[in-house]
Amino acid sequence: MDDLTLSSYLERSKERILGSLVDWLRIPSISAHPEHAGDVETSAEFCAGLLRASGLKNVDVLAAPGSGAPAVYGEWLDAGHAAPTVLVYGHHDVQPVDPLEEWSSPPFEPALKGDGLLARGASDDKGQVMMQIEATRGVLTERGQLPVNVKFLIEGEEEVGSPHLEELLERERERLRTDLVVVSDTTMVAADIPSTELSMRGLVTFDVMLRTAKSDLHSGLWGGTVPNAALIAARLAASLHDDDGRVTLPGFYERVRELTDEEARSLAAVPFDETEFCRQAGVVQLVGEAGRSPYERIGTRPTAEVVGLHSGYGGPGMKTIVPATANLKVALRLVPDQSPDEIESSFRTWLSDQLPKYVEANVGSHRGVAPLLTPADHPAVRILSEAIELAWDKKPLFTRGGGSGPEEALNRVLGAPVIFLGVGLPEDNYHAPNEKLDLNQFSKGILAAGELLLGLASLKPS
Ligand SMILES: [Zn+2]
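Residues numbered from 1 in each chain as written. Predicted model: local features only at pLDDT ≥ 70, side-chain atom pairs only at ≥ 80, totals over all residues. Heavy atoms only, no water.

Counting buried positions along strand β6 (residues 149-155) gives 7 out of 7 residues, so the element sits mostly inside the fold. Covered by surrounding structure in β6 are Asn-149, Lys-151, Leu-153 and Glu-155 together with Val-150, Phe-152 and Ile-154, the residues of both alternating faces. Strand direction decides the pairing type here: strand β2 (residues 71-76) and β6, joined by 5 bridges, are antiparallel. Bridged to Tyr-73 within β6 is Leu-153. (Buried < 20%, exposed > 50% of the residue type's maximum accessible area, 1.4 Å probe, protein only. Helix = DSSP H or I, 4+ residues; strand = E, 2+ residues; numbered from the N terminus. Pairing = 2+ DSSP bridges.)

Here it is as structure tokens:
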């Protein structure tokens, strides 16, 4: 690792980098709490200062549309038109900190424990943004220039679901124009098993209101003769999957892309401890789609979860009624190349096929995001993979993310592929007490991000 482009820069600058990360982490930029709005703004200004100090130009705190929290922008475009442009995405807001009593040190007083830096936001995501900023600063320091144009977009509302990101991307589309998006906001399999994510799942949700009568009816006077809304909802929920755990919506799997051999091998190489997985989830055993491993089911297969099922009387004691209404909420996670539009109409068809004529149904749907995938053989993934290998001395595995995030909007609105250089670890306690950043991962991340910037010079600008 001694001979990487940023090795000596990192050695010389370690203390300064850690010092300014600690200062940033002291700012409680909790986007979910209105009383911290001022802190989110302070954090944005701090981030802008970091970008300026790194040699980035036209640094700007971007007010979010409406009442949103500010994002930060900066650019270095001296590589010119013939060179590719790379946009680095991360976020400077953090999760709330409760329960406070479970923290071993105060969340906004960063503390060193062994190789870990404990603080809210340490790895999600200020540490990883700092890693990218320092890689840019390092290459500029060591080489005097970058072989690619670089833009930074550091959001201030990621932890509350990026409510204004898409609008912001539309508004700033010209300024944000790029050939590639590099996201640093994810985790690796383990410190000694480097990996990179290739995808995020899409999300569509449904809220189904059922009515079978004007009002609840006396079960003694009417029971046995009138339809029961609770029973209808339960049947619907139960028929969402077949006995093999497969979703029964018509055509649901039609567009699901099968894994390439390389990806399948890579995914199979990710160690999986089923007992530990069950223990962490607090479950007795795993269920799900037959013939697919748990990792396949989480990242590469679509799922349908009943997230809520409510009907009838749930209070203390008993109430002898036939319920007239029921509510069923379903969340579908989608994978490439499923289309949220097609899946929505498939759900509506399925529902009307399932429902008896005497049930009145009102279906609300929320179109979340479409699935996102950058294939393992994409040139940018190859370059990323080599950069990670240089820093970790091991080829990274390819994994698939089960969640759904703002990356899809970046991909769609900016029209650029997304790659993931994330150095968090599963034990970093994201969104939980005692969040930490592993400083070895952080250092390797800076080295890899530096190699990535250099390697991306070979990417063809669009
Ligand atoms: Zn994050």
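Bringing the sheet that holds strand β3 (residues 85-91) into the picture now. Strand order in the open sheet made by the 6 strands is β1-β2-β6-β3-β7-β18, with mixed pairing throughout. Looking at the sheet topology across the chains shown, the edges are occupied by β1 (57-62) and β18 (418-420). Here the strands of the sheet are splayed against their neighbours by 20 degrees on average, with no regard to which way each runs. Inspection of the sheet shows strand β7 (residues 180-183) paired to β18 by 3 bridges, in the parallel sense. From the neighbouring strand, Val-181 faces β18, where its bridge partner is Val-418. (Axes fitted to C-alpha atoms, helices over the stretch in contact; angles between N-to-C directions.)

Here the focus is the side chain of Thr-212. The residue Thr-212 is located in the loop between β10 (202-211) and β11 (217-218) in this model. In this structure Thr-212 comes out as buried when scored by relative accessible area, which is 13%. When residues no more than four places from it in sequence are discounted, the contact partners of Thr-212 are Pro-227, Asn-228, Ala-229, Ile-232, Pro-323, Ala-324, Tyr-358 and Val-359. (Contact = heavy atoms within 4.5 Å.)

What follows concerns the pattern of salt bridges. In the structure shown here, the tally under the stated rule is 28 salt bridges. A salt bridge links Arg-173 to Glu-170; its shortest N-O distance comes to 2.4 Å. Overall, Glu-170 belongs to the partly exposed group, its relative accessible area being 38%. For Glu-258, the salt bridge is made with Arg-301, and the minimal N-O distance between the two is 3.6 Å. Of this pair, Glu-258 sits in the loop between α6 (229-238) and α7 (261-268) while Arg-301 sits in the loop between α9 (294-300) and β12 (303-311), and the two are 43 residues apart along the sequence. Within the structure, one salt-bridge network assembled from shared partners comprises Arg-246, Glu-258, Glu-289, Arg-292, Glu-296 and Arg-301. (Salt bridge = Lys/Arg side-chain N within 4 Å of Asp/Glu carboxyl O.)

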